[in-house]
Amino acid sequence: MKKTLNSTLSLIISIILVVCLVSCNQAQNADLWENAAYTSDAAFGNGVKTVEVEVTAGEKSVTFTINTDKETLGEALIEHGLVSGEEGPYGLYIKAVNGITADYDVDQSYWSFTKDGEYMMSGVDSETISGGEHYELTYTK
């Protein structure tokens, strides 16, 4: 009888924990997009080079199509107010993308930078663009 009661109690506690974790995760994802400037795909600029930047935070993502004459991805993103951050020893340290802030000092979150799914060894401000590239900025925690 005692063993059955312990098993039942353990099962109930496990279910409660799973429900809480799922609810907290959904609330956190919704909060991430609360200050987003764009919640659907958007296009910017009139330049001759076209790049796509997919922004993902939590379960949601948007893709920005940027037409630019700028030389680097960082210049194109800044030109349209899509990123902000701080200049560091390695270039621009992105803290906000599309109004969504990631701050490693606060909660160990940051923006990862990839091209076609591969991590970049350079920052956005030193990534030369020629057109046709697909980049990703992903909120990571």
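Keep in mind that this is a model prediction, so the values were computed, not measured. (Residues numbered from 1 in each chain as written. Predicted model: local features only at pLDDT ≥ 70, side-chain atom pairs only at ≥ 80, totals over all residues. Heavy atoms only, no water.)

J.: Requested: an account of the environment of Leu73, with residues and values cited.
T.: Its location among the elements puts Leu73 in helix α2 (residues 73-79). Under the relative-accessibility criterion, Leu73 is labelled buried at 1%. C-alpha of Leu73 to C-alpha of Val124: the two residues are 51 residues apart in sequence and 5.4 Å apart in space. Leaving out residues up to four positions away in the same chain, Leu73 has contacts with Val51, Val53, Phe113, Val124, Glu127, Ile129 and Tyr135. (Helix = DSSP H or I, 4+ residues; strand = E, 2+ residues; numbered from the N terminus. Buried < 20%, exposed > 50% of the residue type's maximum accessible area, 1.4 Å probe, protein only. Contact = heavy atoms within 4.5 Å.)

J.: Describe the nonpolar core, with residues and values.
T.: Soluble globular proteins: nonpolar side chains tend toward being buried together. Ile66, Leu73, Leu77, Trp111 and Leu137 are the most contacted members of the largest nonpolar core, which has 29 residues in total. Sorting the residues of this core by element identifies β1 (42-44), β2 (49-57), β3 (60-68), α2, β5 (91-97), β7 (110-115) and β9 (134-140) as the ones contributing at least two each. If you tally residues by element for this core, the top one is β2, at 4 residues. What Ile66 contacts, discounting residues up to four positions off in sequence, is Phe44, Lys49, Thr50, Val51, Val53, Ala76, Leu77, His80 and Leu82. (Core = buried A, V, L, I, M, F, W, Y, C linked by side-chain atoms within 4.5 Å.)

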